[in-house]
Amino acid sequence: MSEGDRDLARERIIESLEQSAEVYGLSRSAGRIYGVLYFAPDPLSIPELVEETGYAKSTVSNVTRTLTRIGLIHRRSSEGGGRRVQFTAEREIWFILQDVFQQYIQREIQTTLRTIRRAEEQLSDSEASEAERIRDLQATYEDLEEIIELASNLSAAELREALETYEE
């Protein structure tokens, strides 16, 4: 693979990460900065990220703060005890997904389940068909809650093994 092919493949993946970032409620710049750090052979500083991405220093600073807070990148001091902060990407994607499951999806499912339960309590006996739909929805969300719980607590290998055992 030529250097040009490698750069093109890398850019396609980074563009995909930009789109994925939007799906998860982050900015496209967050996806690009994560992608640049993911492929960087060494930790990068804010000025290096500015040069690599073309974003303003304030954008890079804000995005790195957000990505650090949610665990997608890690902040560290430069070698030799210098003051310049450097960043590396979390490369264990399953760890990142588990964190997203726990922080966002699980919370959203729990909020929806509370709303469903309240709605069911407010229905009268004459609204049986509506109550049945709500119970079906509640069962689906309870299943989702269980799946997310499993995905959050098992490694990818353990989850794969459990699914393979289930299929047998």
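What you see is a predicted model, and the numbers here were worked out from it, not measured in a lab.

Caption draft 1: Local environment of the overall build of the protein. On a plain count of helices and strands, the protein comes out with seven helices and three strands. The order of α-helices and β-strands along the protein, N terminus first, is α-α-β-α-α-β-β-α-α-α. Computed over the C-alpha atoms, the radius of gyration of the protein is 22 Å, more than 25% above the 15 Å expected from 2.2 N^0.38 for a compact globule of 168 residues. Seen through its C-alpha atoms, the protein measures out along the principal axes to roughly 70 × 40 × 35 Å. Expressed as a percentage of its 168 residues, the buried residues of the protein come to 30%. In the protein, of all internal contacts separated by at least 6 residues, the share reaching a separation of at least 24 is 52%.

Caption draft 2: Quick look at the confidence of the model for the protein. Here the protein averages 89 in pLDDT, while 96% of its residues score no lower than 70. Of all secondary-structure elements in the protein, the lowest mean pLDDT belongs to helix α7 (residues 156-167), at 84, while helix α2 (residues 28-39) reaches the highest, 97.

Caption draft 3: Looking closely at the pattern of salt bridges. Scanning the entire structure with this criterion turns up eight salt bridges. Across the pair E52 and R10 runs a salt bridge, and its minimum N-O distance is 3.6 Å. Taken together, the positions of E52 in helix α3 (residues 46-53) and R10 in helix α1 (residues 3-23) put the pair 42 residues apart, joining distant regions of the chain. Residue E52 is classed as partly exposed on the basis of its relative accessible area of 44%. By relative accessible area, which is 25% here, R10 ends up partly exposed. We note a salt bridge from R117 to E142, for which the minimum N-O separation is 3.1 Å. With R117 in helix α5 (residues 93-122) and E142 in helix α6 (residues 128-153), this residue pair connects regions lying 25 residues apart in the sequence. Given the relative accessible area of 33%, R117 is considered partly exposed. Of the residues examined, E142 reaches a relative accessible area of 32% and is grouped as partly exposed.

Conventions used here
- Residues numbered from 1 in each chain as written.
- Predicted model: local features only at pLDDT ≥ 70, side-chain atom pairs only at ≥ 80, totals over all residues.
- Heavy atoms only, no water.
- Helix = DSSP H or I, 4+ residues; strand = E, 2+ residues; numbered from the N terminus.
- Rg over C-alpha atoms; globule rule 2.2 N^0.38 Å.
- Buried < 20%, exposed > 50% of the residue type's maximum accessible area, 1.4 Å probe, protein only.
- Contact = heavy atoms within 4.5 Å.
- pLDDT = per-residue confidence, 0-100.
- Salt bridge = Lys/Arg side-chain N within 4 Å of Asp/Glu carboxyl O.

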